[in-house]
Each structure stands twice: as C-alpha cells, then as structure tokens.
Amino acid sequence: MAQPEAPAAAGKRNLLLKKLLSQKYLQVMALLGVAWMIIFNYIPMYGIIIAFKQYVITRPISEAPWVGLEHFKAFFEDEDLPRVIWNTIGISMIKLIIGFPLPILFALFLNELRSIRMKKAVQTISYLPHFLSWVILGGILATWLADVGIINHILMALHVIDEPISYLAEPKYFWGIVVASDIWKELGWSAIIYLAAIAGVSPDLHEAATIDGAGRFKRMWHVTLPGIRSTITILLILAVSGILNSNFDQILVLRNSLNESASSVIDVYVYQTGLVNNRFSYSTAVGLIKSLIALVLLLIANSASKRINGTSLF
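Summarised in this report is the structure supplied together with it. (Residues numbered from 1 in each chain as written. Predicted model: local features only at pLDDT ≥ 70, side-chain atom pairs only at ≥ 80, totals over all residues. Heavy atoms only, no water.)

### Here's the deal with the packing of helix 6 (residues 116–127) against helix 9 (residues 171–199)
In the contact formed by helix 6 and helix 9, the axes pass within 8 Å of each other and the chain directions differ by 130 degrees. As the angle between them shows, helix 6 and helix 9 are arranged oblique. Contact residues: helix 6 offers Gln123, Ser126 and Tyr127, while helix 9 offers Gly188, Trp189, Ile192 and Leu195. Here the residues of the contact of helix 6 with helix 9 sort into 4 nonpolar, 3 polar and no charged. (Axes fitted to C-alpha atoms, helices over the stretch in contact; angles between N-to-C directions. Helix = DSSP H or I, 4+ residues; strand = E, 2+ residues; numbered from the N terminus. Parallel < 35°, antiparallel > 145°, perpendicular 65-115°, else oblique. Contact = heavy atoms within 4.5 Å. Nonpolar A, V, L, I, M, F, W, Y, C, P; charged D, E, K, R; others polar.)

If you want it as structure tokens, here you go:
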C-alpha cells in the first residue's frame, strides 16, 4: 500500500513548490514580517527574566543573581500602589465608558450625512488631531488651559468663572482633561473602522426597513448597529484587555508636580522606577504583572463575549 502513496506525496510536494515559486515575492514579504516579529517581539522576551534577578546594567543578565519573587513582593508592599492603581483604573474606566461609545455614535451619524462634501470635511477635521503627536497637543493644551489661556478668557467672558484657573495645576481637573483630550485626538480616527463595517451592511436591509416605515434612527438601531455588532464586540474585548494602559505619552506630557496625585499611573510609575531610578528589575516585574493582568482580562472578556453573543477573538 505504501507504493501508490509515494508518487502522490511527491506530486503534492512539487505542486507546493511550484505555488511557492509563483508567489516568491509575496513569500519574501511575509518572511520579512515574520523575521521582524521574531527579532523585535520574541527575542527581547528573554529580558523578562531580570524580573526574577537583581540586574545591574553594567553586567550581563546571565551574571545577575536570582532573587525570586522579591521584586513582585516589593511592588505589592509599596505605599504608592493604591494611588497608582486607583488613577490607572479610574482614567481607563472613564475612557472606556465615555470614549468607547462616542466613535460608534460619530460613525453612525457621519454615515447619515447626505452631502458628500460635508462628510469629507467633517472626516478631515476629525482625523487631523490623530496625526499630531502628544508633544504638540500637550503644548497646545498647556497654552489653552493656562490661567491666561483661551479657555479662561472664554469662561470669564461668559461669566462661568470669576477668576482664572490653572487647570493643569489642579489634580481634580486632570482626569477630565485627559479623557476629553484623548477623545478630541482619537474620535475621528477610531470611527474609521466602524465606518468600514457600516459600509459592509447590505443596502437591501435598509431598503426593506424603509419600506416597512422605519425612519433614520430606527434603521440605525435595528439595521446598522446589529450589522456592526461583531466589530464592536471585538474592539470592546481589546479595550477591556488594555484597561491598565493609560496612554503613557499623553500622561507624561500633561503631568507635573502639582497634579502628581492624580497623574501617577502604572506606565509612569514603571518609567520613573526603571529609567529614572535605574531599578530595571523592579520595573520589569511591575510590567510583567501588568501584562499578566491584561492577559487574564482578555481571556475573561473573550469568554464572556463568546457566551453572550457568540462573537470572540478566538
């Protein structure tokens, strides 16, 4: 029985080789992507072991002594931990509750604009902040929110406030500034994927709903939203898994010594302990804890989504 199988196997191999040769340029592009991922995503993972060592930058990792879970224990005993966790989860939860639905609503209403010229203008204006770095936007916000900035001038002219407020110097305003500026920067860009999903909804469904007497809002609720439900679910799963990410660039640009009580988040904490204070092993341990929590949140959100509506990442 082995005799007839050998020519068949050889034929399959020859067919596969011919196919690979016919796609040689695509295969080279794919291999370059794989090589990039291995070099920059997998090989650096070796450095995670310094979380369990007392690493000194002047000596190789292999020579650093093992300390076990000492750095993890030190993190959980740190007196700054409650404040750091509270700020991180607080900012991320507000961004999730307010910032996640807004791009969906923006995409829905933008899709209903009949004027193509107006639609393109709104899209261009809303996308523009995404292409500016937080260094630039942070400078703009610092100028606007200063006690002599345009925000204070407008509010005083409208008699909302009696005297100027230095908003970035007040911790109670920091969370609101972070959430509002993040929405301003990413609203239009985040809506792109929803607009693409809306474009995939069958026009026949809208026509049928129109014949049945459904207006615009009813069509959005009963046709468009169900049509992009899977896209919303996938992005929500990813958003939940990244709840410990507080946008390091944004926080670092907007924080200062006066609002430190509201701006100390995990990412900034890792940066200060690791690069500023040279505690590389400790900061690696904190980053590893954060990654493990993110993995757990991803698995929980994915499992819950699969059970509720049958949509999941895997």
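Additional details are given in the paragraphs that follow.
### Details of the environment of Ala64
Checked against the element boundaries, Ala64 lands in the loop between helix 2 (24–42) and helix 3 (70–76). Looking at Ala64, the relative accessible area reads 7%, which means it is buried. Separated by 15 residues in sequence, Ala64 and Ile49 place their C-alpha atoms 10.0 Å apart. Ignoring sequence-local partners within four residues, the contact set of Ala64 consists of Lys53, Gln54 and Tyr55. (Buried < 20%, exposed > 50% of the residue type's maximum accessible area, 1.4 Å probe, protein only.)

### Some thoughts on the environment of Leu105
As for its position among the elements, Leu105 is in helix 5 (residues 101–111). Here the alpha-carbon distance between Leu105 and Ala191, two residues 86 residues apart in the chain, equals 8.6 Å.

### Observations concerning the packing of helix 5 against helix 11 (residues 216–227)
With their axes 11 Å apart at the nearest point, helix 5 and helix 11 run at an angle of 115 degrees to one another. Handedness of the helix 5/helix 11 crossing: right-handed. From helix 5, Ile104, Leu108 and Phe109 reach across to helix 11, where they touch Phe217, Met220, Thr224 and Leu225. Partitioning the contact of helix 5 with helix 11 into residue classes produces 6 nonpolar, 1 polar and no charged. (Left-handed = near helix turned anticlockwise from the far one by under 90°.)

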